[in-house]
Amino acid sequence: MKILICGGAGFIGSNFILYLAEKYPDYNIINLDKLNYAANLKNVKKLEGSANYKFIKGDICDKNLVFDLVKDVDVVVNFAAETHVDRSIMDSSIFIKSNVQGTQVLLEAAKEYDKRFHHISTDEVFGALGPDDPSFDEMTPYNPRNPYSASKAAADHLVRAYFHTFKVPVTISNCSNNYGPYQFPEKIIPLFICNLFEDKKVPVYGDGQQIRDWIHVDDHVRGIDMIIHKGKEGETYCLGGKDSEITNLYLTKTLIQLMDKDDSYIEYVKDRPGHDRRYSIDYGKIASEMGWEPLIGFKDGLRSTVDWYQNNKNWIDDVRSGDYRDYYKKQYINR
Ligand code: NAD
Ligand code: DAU
């Protein structure tokens, strides 16, 4: 099988490529990534030079390039996106371009050449849950509430529209919060790990009682593998973690304990505007149709993630470029 991975130099995309290359050594993998601030080709360095792997630096909005690539593959998997909510609150324009327009270009190519298209989406498109609401599932209406999730929702609607209107063979997965190796240290878990390494406090937004449904990236990529091989065209699948419903404060305190610090490292800072209170996923559909379930418990996953960052401090130094330092100042100084 020849497979085009878009956004394969980012966190989840690179974990997916490493997983695919190991499980299916005969697959041909093409990695198309524009290499934005969150990308790092070192994530997939071990595949460099391998006959079955090729990296192409380019933008999913570039129609000529995308059409050329899609023509020659069997499956397209789209991870490429701007992904950080706080950045979308600072400036949403690139989110609309990459997440919406980029997806539309990929869909046009998939339509032209009748190619299988899997789109990686998020649970944030469903909005926020109240304390007693049932978990999100595939029937939950869309209600995005920040510019990032609005752009992801727009992309999902396009994917669904291309199935209904043109019969493009698509699937979508809506996954909850991922953590694990190679995650850029702007998201809460790697940010807090890096701060604690440097003996800095960790900035908890608002009261820290927001709930996220944490899934280890290894569980997520296993689910994507099942969907591209066994998923039904036109369908959506929700994926979530093993110990869902974790408050940010519980996460922070668990991390602090794992890293031999104490609660004096917690700094409560101004809340994120429009901060979604609770996410939770019901993954019953993919469990019953394909036998997928998350296997990695939160504490075990968090411990191995801390170990990974501990053993890969060069990786952290590499990604914390000038751009990262400017962003950190804008986001956290005087908050
Ligand atoms: P990331 O920010 O680490 O990586 C995104 C990658 O996409 C980067 O390598 C970047 O260079 C590339 N990219 C961005 N715009 C591009 C463009 N126009 N053309 C080509 N490449 C482009 O993100 P991630 O956390 O790995 O997320 C991957 C996907 O999974 C995204 O679609 C995201 O919405 C979705 N998702 C993420 C999470 C999470 O918790 N991280 C959860 C659910 C869904
Ligand atoms: O739910 C899936 C989504 O999870 C993905 O679609 C997004 O791409 C991904 O970024 C993530 O979004 P969140 O906004 O939930 O992740 P983030 O790590 O930014 O924040 C997690 C929670 O922690 C959230 O409630 C905000 C809070 N937070 C975050 C940061 C960066 C803090 O309290 N302090 C911080 O410094």
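Residues numbered from 1 in each chain as written. Chains lettered and ligands numbered in written order. Predicted model: local features only at pLDDT ≥ 70, side-chain atom pairs only at ≥ 80, totals over all residues. Heavy atoms only, no water.

Peer 1: How would you sum up the sheet that holds strand E2 (residues 28-33)? Please name residues and give values.
Peer 2: Pairing is parallel across the open sheet formed by seven strands, whose spatial order is E3-E2-E1-E4-E5-E6-E11. Since the sheet does not close on itself, it has two edges, and those belong to strand E3 (53-57) and strand E11 (235-239), each with one partner. Across the sheet, the mean angle separating the axes of adjacent strands is 20° when strand polarity is ignored. Bridge analysis of E2 against E3 gives five bridges, and the strand direction is parallel. Its bridge partner being in E3, Asn31 is matched across the sheet by Phe55. The sheet contacts of helix H7 (residues 217-230) involve strand E1 (2-6), strand E4 (75-78), strand E5 (116-122), strand E6 (170-175) and E11, and relative to E5 the element is tilted by about 150°. (Pairing = 2+ DSSP bridges. Helix = DSSP H or I, 4+ residues; strand = E, 2+ residues; numbered from the N terminus. Axes fitted to C-alpha atoms, helices over the stretch in contact; angles between N-to-C directions. Contact = heavy atoms within 4.5 Å.)

Peer 1: Tell me about the pattern of salt bridges, and name the residues and values.
Peer 2: Under the definition given, this model contains 19 salt bridges. The partner of Asp199 in a salt bridge is Lys261, with the nearest N and O atoms 2.8 Å apart. Of this pair, Asp199 sits in the loop between helix H6 (188-197) and strand E8 (202-205) while Lys261 sits in the loop between helix H8 (248-258) and strand E13 (266-269), placing them 62 residues apart in sequence. Of the residues examined, Lys261 reaches a relative accessible area of 25% and is grouped as partly exposed. Here Asp300 ties to Arg303 by a salt bridge, and the two come within 3.3 Å at their closest N and O atoms. Pair noted here: Asp300 and Arg303 are both in helix H10 (residues 298-311), with a separation of three residues, about one helical turn. For Arg303, a relative accessible area of 39% puts it in the partly exposed group. Where salt bridges share partners, they join Arg87, Glu186 and Lys187 into one cluster. (Salt bridge = Lys/Arg side-chain N within 4 Å of Asp/Glu carboxyl O. Buried < 20%, exposed > 50% of the residue type's maximum accessible area, 1.4 Å probe, protein only.)

Peer 1: Which residues make up the site of ligand 1, and what are the values?
Peer 2: In the region of ligand 1, 28 residues are neighbours, and Ile12, Asp33, Thr83, Tyr148 and Lys152 sit closest. Note that an oxygen atom of ligand 1 is positioned 3.5 Å from one of the backbone N or O atoms of Leu35. A distance of 2.7 Å separates an oxygen atom of ligand 1 from a polar atom in the side chain of Lys152. Protein contact buries 97% of the 830 Å² of open area that ligand 1 shows by itself. Counting only elements with at least two residues in the shell around ligand 1, the list comes to helix H1 (11-23), E5 and helix H5 (147-166). Within the shell around ligand 1, the residues separate by chemical class into 13 nonpolar, eleven polar and four charged. (Near = heavy atom within 4 Å. Polar contact = N/O pair within 3.5 Å; in protein donor to acceptor, adjacent residues only side chain to side chain. Areas by Shrake-Rupley, 256 points an atom, 1.4 Å probe, with all protein chains shown as cover. Nonpolar A, V, L, I, M, F, W, Y, C, P; charged D, E, K, R; others polar.)

These figures capture arrangement, not role.
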